[in-house]
Amino acid sequence: MKHMIGPAAAALLLATPVAAEDTLRMATIAPSLGAAITMATFANVVNDNLDGTTIEVAAGGAATLHQLEVGRGNLEMAMSSPVIYNLMSRGVAMYQNEADAAEASENVRLLMWFPYGQYHFAVRGDSDIELLDDIEGATVFLGPQGGGAFNAARGWIEATTGLVAGEDYEAITANWQTGFQAFLDGTIDMYTNGCLDPCQQFLQFTETETVRFLGPEGHDHAEVEEFLGAFRYRAEVPAGLYENQLNEDTVMSFDTSVGIMVRADLDEEMIYQITRAFWENIDQVTSDAPWAEALDIEFAATQRGMAQLHPGAERYYREAGVIE
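Residue indices follow the written sequence of each chain, beginning from 1 at its first position. For a predicted model such as this one, the threshold for reporting local features is a pLDDT of at least 70, and the threshold for listing and counting side-chain atom pairs is 80 or more; totals across whole chains, interfaces and linings nevertheless cover every residue. To get the side-chain values, all heavy atoms of the structure are used, and hydrogens and water are removed first.

### Quick notes on the pattern of salt bridges
Each salt bridge in this description consists of a side-chain nitrogen of Lys or Arg and a carboxyl oxygen of Asp or Glu lying within 4 Å of one another. Throughout the structure, instances matching the rule amount to 12 salt bridges. Residues Glu209 and Arg124 are paired through a salt bridge, measuring 3.8 Å at the closest nitrogen-oxygen approach. Of this pair, Glu209 sits in the loop between helix H8 (200–205) and strand S10 (211–213) while Arg124 sits in strand S6 (residues 118–124), placing them 85 residues apart in sequence. When accessible area is computed with a 1.4 Å probe and restricted to protein chains, residues below 20% of their type maximum are described as buried, those above 50% as exposed, and intermediate ones as partly exposed. A residue is classified by how much of its surface remains accessible, and Arg124, at 16% relative accessible area, is buried. When the shortest N-O distance is used, the salt bridge between Arg263 and Asp265 registers 2.8 Å. Accessibility expressed as a relative area gives 51% for Asp265, which makes it exposed. Starting at the N terminus, helices and strands are each numbered in turn, a helix being any DSSP run of H or I of at least four residues and a strand any DSSP run of E of at least two.

Following this line, the structure appears as structure tokens:
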């Protein structure tokens, strides 16, 4: 079996035709990010345990675009979230200028959900910023503008602190790589990344620097409940995760679910076998990847938003007894 996990740009992958019926093209976000690592691991497990099917992964670009390209038939697999799928199905927000978004959403189905990871709002240890409420006037990276992570991070800050991006603080325009590099270089005050710990970026950063993760002064406002809605939930960033982490107590943040979406018109038996190959061999990754302990089959199959399971995935989850 082949491991075809690489950093090729998603745009190149979109332009490449499918080589064979049993070769599936998966697009994901920047390869160093936790969700991309989860998806690449998914592909590796399937490729190692399922004869006749190969998942090729290209990392880079925006998940919001990748999902649209799945619906258009230009990709077989991509990342999504309940919020992003709902927006696409209604053709609103980042999809408002895509005339075919709602129609394309009908050709997108769910294979599995998994936790995105707690949003980590990080500053250098010597920063005088100690709470999210203190970032007024600061320069921050929230994620690529227009993407789901940016909108979620911005929404949490506004709901908990009342601070508005572009008015009370500056949110830079950058992709994931340049946003992290700006933090390494010290040209921004705060860096944001949602990930399942231990996160590669913070492992790297704390080799030479101290870090402090920020929470809000309060998180029990009505605005917070409205922001969380049905698909986001409070989640704590623990103390003592990284060698040079200064937090002595847990920090309140939030998490959400993301998922692997597939084309609805893909063969039911193929998607059944792919789903089965992953979940029946999940033990291959849990020992070497602590974040994989967060992967849970019941979480994976739970109804979240308007997205529906692909019939092949649904068949496996019914056989596994996690849905009725």
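So, next bit.
### Brief notes about unusual backbone geometry
Between Asp197 and the following residue, Pro198, the backbone shows a cis peptide bond with an omega angle of 0°. Tracing the backbone through its elements, the reader meets Pro198 in the loop between strand S9 (190–195) and H8. Of note in the backbone geometry, Ala93 takes a positive phi value of approximately 55° without being a glycine. Inspection of the secondary structure puts Ala93 in the loop between helix H4 (82–90) and helix H5 (101–105). Under the relative-accessibility criterion, Ala93 is labelled partly exposed at 39%.

### Some details on the sheet that holds strand S7 (residues 139–141)
The strands making up a sheet are joined through hydrogen bonds of the backbone, oriented either antiparallel or parallel. Criterion used throughout: strands pair if DSSP finds at least two bridges between them. Pairing is mixed across the open sheet formed by 5 strands, whose spatial order is S8-S7-S9-S6-S10. Unpaired on one side and paired on the other, strand S8 (170–171) and S10 mark the two borders of the sheet. Of the pairings in the sheet, the one linking S6 to S10 comprises 3 bridges and is antiparallel in character. In the sheet register, Val123 faces S10, and the bridge partner there is Arg212. Here, two residues are considered to be in contact whenever any of their heavy atoms come within 4.5 Å of each other. Every axis in this analysis is a line fitted to C-alpha atoms, fitted for helices over the stretch in contact. Angles between the N-to-C directions lie between 0 and 180 degrees. In this fold helix H6 (residues 148–161) packs onto S6, S8 and S9, with an angle of close to 75° to the strand it touches most, S6. Along the sheet, helix H7 (residues 176–185) makes contact with S6, S7 and S9, crossing S9 at roughly 130°.

### Thoughts on the nonpolar core
Nine residue types can take part in a nonpolar core, namely buried Ala, Val, Leu, Ile, Met, Phe, Trp, Tyr and Cys, and a core is a set of them joined through side-chain atoms within 4.5 Å. Ranked by size, the top nonpolar core spans 107 residues in total, and within it Phe42, Ile55, Met112, Phe121, Met190, Ile274 and Tyr317 carry the most contacts. Once you skip the residues sitting within four places of it in the chain, Met112 turns out to touch Phe42, Val258, Gly259, Ile260, Phe278, Trp279, Ala300 and Tyr317.

### Quick notes on the packing of aromatic side chains
Classification of ring pairs uses Phe, Tyr and Trp, with its six-membered ring standing for Trp, and accepts pairs whose centres are within 6.5 Å; under 30 degrees between planes counts as stacked, over 60 as edge-to-face, and the remaining range as tilted. The tally for this structure, following the rule as stated, stands at 18 aromatic pairs. Ring centres 5.5 Å apart and planes at 80° place the aromatic pair Phe141 and Trp176 in the edge-to-face group. Of this pair, Phe141 sits in strand S7 while Trp176 sits in helix H7, placing them 35 residues apart in sequence. Using a relative accessible area of 0% as the deciding quantity, one classes Phe141 as buried. Seen in terms of ring centroids, Phe278 and Trp279 are 5.0 Å apart; in terms of plane orientation they differ by 75°. Their pairing is edge-to-face. Given a relative accessible area of 9%, Trp279 falls into the buried group. An aromatic cluster of at least three residues, connected via ring pairs, comprises Phe141, Trp176, Phe180, Phe183, Tyr191, Phe202, Phe205, Phe213 and Tyr242.

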